[in-house]
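What follows is the residue order along each chain.
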Amino acid sequence: MDDLRQKYLEAVASVTDEAALEDVRLAAVGKKGEIALKMRELGKMTPEERQVAGPALNALKDEINSALAAKKEALADAALDARLSEEWLDVTLPARGRPQGTIHPVSQVTEEVVAIFADMGFAVAEGPQIENDFYNFDALNIPPHHPARQEFDTFYMHRDEGDNRPPHVLRTHTSPVQIRAMEKTGAPIRVIAPGRVYRSDYDQTHTPMFHQIEGLAIGKDISMANLKWVLEEFFSAFFEIDGIKTRFRASHFPFTEPSAEVDIQCSWVDGQLRIGEGDGWMEVLGSGMVHPKVLEAAGVDPEAWQGFAFGMGIDRIAMLKYGIPDLRAFFESDLRWLRHYGFSALDMPTLAGGLSR
Ligand code: PHE
């Protein structure tokens, strides 16, 4: 019996996994194990022998069983320890930085302008960037061969040879949206239309693609005085300067009569553009009373309705407000420029919360 004890206790001690431990258990205390065989031999013994051997066998069985149980627990603990050390996670490690994009000044300023005009009752209208001849020119009182067509440096789309229809154009201004908006809802109407426009022009303040925002207000008695008030109201809200200096210059557009171009007071100091100071002027918009022919082309009765329109350069006023000297950089996608002049995605411009921070 001492041999059995030694054999199985050593076997229990030396196994290293649960499957091997189970083998030892079956061989020792299983139904057909060595202890069970020994139990059977008790029957052949004399009562005296049995009285000694029986309890001794039971005690041995108990001893082996508790060694097995202890080993089983030890193996489970070891397995857990191994897993814990393997699956270790350093929760104090700083998180990996994620690249954060910024909102482009053009998007930011568009949102700002829309917020200000929305507050004055203007809805947002849209039109296509590839326009046809009618909306970009004819309906705006610029017939074929009108000199204004040349002034625009228009990009023309391709037409197949022999196809003599006038080519589509990349819209040269947002004014065609005036026509589309009036066709859609008629008068009265009060809309602004921000978007991309295209002209073949390139220098420090001109790029072949740029952004405008069109304004249109048609009613029974809307006048030039309303135009001046709306624009001045807009400029002081946008630049956050009360009584900002503007200059209305008499001008000419085929689609407005009378017409005025509007400049904003500014200065250039060490390549830095500043508004509301100095003796420079930056032209930011064209405007005027909508020409009767334009109303007519859009299906609005010029005998009953009148109003103003304006077209403003979004990039221009972005340069002025945020002191950005070169327009061309707007469209170069230089990450350093975008990080410097870009805005946080979470700073939505609103009139109540502040237009920019
Ligand atoms: N469409 C004109 C331009 O791009 C601007 C403008 C719009 C002028 C509306 C008058 C009225 O130059």
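The structure reproduced in this document is the subject of the present report. All of these numbers come straight from a predicted model, not from anything done at the bench.

Below, the discussion takes up helix 9 (residues 224-239). Residues spaced three or four apart along an α-helix face the same direction, because each turn holds 3.6 residues. In this model helix 9 runs 22 Å from its N-terminal to its C-terminal C-alpha over 16 residues, within 8% of the 22 Å that 1.5 Å per residue would give. With a side-chain oxygen positioned 3.1 Å from the backbone nitrogen of A225, the residue opening helix 9 is S223.

Moving on, we get to the pattern of salt bridges. With the rule as written, the count across this model stands at 19 salt bridges. The closest approach of N and O atoms between D138 and R149, which form a salt bridge, is 3.0 Å. Taken together, the positions of D138 in the loop between helix 6 (133-136) and helix 7 (147-151) and R149 in helix 7 put the pair eleven residues apart, joining distant regions of the chain. Connected through salt bridges with shared partners, the residues R247, R249, E261, D263 and E283 form a single ionic network.

We now examine the packing of helix 5 (residues 105-119) against helix 9. Where helix 5 meets helix 9, the axes come as close as 10 Å, and the angle between the chain directions of the two elements is 130°. As far as their axial angle goes, helix 9 and helix 5 are oblique. Here helix 5 and helix 9 pass one another in a crossing that is right-handed. Counted together, V109, E112, V113, I116 and F117 of helix 5 and V230, F234, A237 and F238 of helix 9 form the full contact between these two elements. Classifying every residue of the contact of helix 5 with helix 9 gives eight nonpolar, no polar and one charged.

Analysis parameters
Residues numbered from 1 in each chain as written. Predicted model: local features only at pLDDT ≥ 70, side-chain atom pairs only at ≥ 80, totals over all residues. Heavy atoms only, no water. Helix = DSSP H or I, 4+ residues; strand = E, 2+ residues; numbered from the N terminus. Expected span 1.5 Å × (residues − 1). Polar contact = N/O pair within 3.5 Å; in protein donor to acceptor, adjacent residues only side chain to side chain. Salt bridge = Lys/Arg side-chain N within 4 Å of Asp/Glu carboxyl O. Axes fitted to C-alpha atoms, helices over the stretch in contact; angles between N-to-C directions. Parallel < 35°, antiparallel > 145°, perpendicular 65-115°, else oblique. Left-handed = near helix turned anticlockwise from the far one by under 90°. Contact = heavy atoms within 4.5 Å. Nonpolar A, V, L, I, M, F, W, Y, C, P; charged D, E, K, R; others polar.

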